Amino acid sequence: SISNAGLFETMGFMSVLLPFLRPLAAVPFIIDGLDAVVNSDEHAQRAQGLLEYAGSYGLTTPPVALVEKAATATGALSVVAGTALSLSIAPAASAYTLAALNVPVTLINSTYFNGRQLVVALTPALRGAALSAGLLALGVAACQRRKLRRVAANDDGATGQCCNGKAHGHGLGRCCRRRRKEQD
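Residues numbered from 1 in each chain as written. Predicted model: local features only at pLDDT ≥ 70, side-chain atom pairs only at ≥ 80, totals over all residues. Heavy atoms only, no water.

Draft legend 1. Fine view of the packing of aromatic side chains. Considering all chains together, one arrives at one aromatic pair under this definition. For the ring pair Tyr53 and Tyr57, a centre distance of 5.2 Å and an interplane angle of 75° mean the geometry is edge-to-face. Under the relative-accessibility criterion, Tyr57 is labelled exposed at 54%. (Phe/Tyr/Trp six-rings, centres within 6.5 Å; stacked < 30°, edge-to-face > 60°. Buried < 20%, exposed > 50% of the residue type's maximum accessible area, 1.4 Å probe, protein only.)

Draft legend 2. Molecular detail of the layout of surface pockets. When its volume is computed, the largest pocket comes out at roughly 700 Å³. Lining the largest pocket are 32 residues, with Asp32, Pro104, Val105, Thr106 and Asn109 sitting closest to its centre. Mapped onto the lining of the largest pocket, the elements with two or more residues apiece are α1 (4–38), α2 (40–56), α3 (64–86), α4 (91–109) and α5 (122–154). Considering each element in turn, the lining of the largest pocket owes the most residues, eight residues, to α4. (1 Å grid on protein atoms, 1.4 Å probe; cavity = no way out; pocket = protein on both sides within 12 Å on 5 of 7 lines; lining within 4 Å. Points joined across faces, edges and corners; volume = space filled by probe spheres on them. Helix = DSSP H or I, 4+ residues; strand = E, 2+ residues; numbered from the N terminus.)

Draft legend 3. Spotlight on α4. With 19 residues, α4 ought to run about 27 Å at 1.5 Å a step, and its terminal C-alpha atoms sit 26 Å apart, in line with that. Of all the bends in α4, the greatest reaches close to 30° and is centred on Val103; the proline Pro104 follows between one and four positions later. Within the sequence span of α4, burial applies to Pro91, Ala92, Ser94, Ala95, Leu98, Ala99, Leu101, Asn102 and Thr106. (Expected span 1.5 Å × (residues − 1). Bend = angle between axes of the 7 residues up to and from the residue.)

Draft legend 4. Region of interest: the environment of Leu98. Looking at where Leu98 falls in the secondary structure, it is placed in helix α4. Counting along the chain gives 34 residues from Leu98 to Ser132, while the straight-line C-alpha distance between them is 7.7 Å. Beyond its immediate sequence surroundings of up to four residues, Leu98 is in contact with Phe29, Ser78, Ala81, Gly82, Leu85 and Leu135. (Contact = heavy atoms within 4.5 Å.)

Draft legend 5. Looking closely at the packing of α2 against α3. Direction vectors running N to C along α2 and α3 enclose 115°, while the axes themselves pass 8 Å from each other. When the axes of α2 and α3 are compared, the crossing they make is right-handed. Counted together, Ser40, Asp41, His43, Ala44, Ala47, Gln48 and Leu51 of α2 and Val64, Val67, Glu68, Ala71 and Thr72 of α3 form the full contact between these two elements. When its residues are assigned to classes, the contact of α2 with α3 shows six nonpolar, four polar and two charged. (Axes fitted to C-alpha atoms, helices over the stretch in contact; angles between N-to-C directions. Left-handed = near helix turned anticlockwise from the far one by under 90°. Nonpolar A, V, L, I, M, F, W, Y, C, P; charged D, E, K, R; others polar.)

Here it is in structure tokens:
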């Protein structure tokens, strides 16, 4: 297992990159989301191939108006989550939301219906998968940073014991606060 100091060293390099990586990962979602809000009919039309494929197997497909509303809602959510990620507001939740939104968008953008056959374009599908993997990595990095901050605030890092030498299952910060209250 990696010690707390080792985790800080590992995350140190990532800490330098995160201010650049988050906006860089968020920009495509913000731009595409704005386009989906403004041009929801075009985005709904892109989904028609996948819906026609589903319909060829007897599945009920939603009406075009509903698909347009879904495109608008997905676009708005993409803009909000992308903006939040780029500003580091709830970065883990924002990254996970964008990764989840990217799955249907990748399916729609990398497939087309040719008669009764669904054709998948490999390059856009792999690009979408790589973007989702990057967003998941950003989400994990945000969770690790939050965890490391908690560890740093509550643990002396050397002994894992609180200030009076007892291992209470909490760190230095909490014990010191408790002792200060007891002394007052």
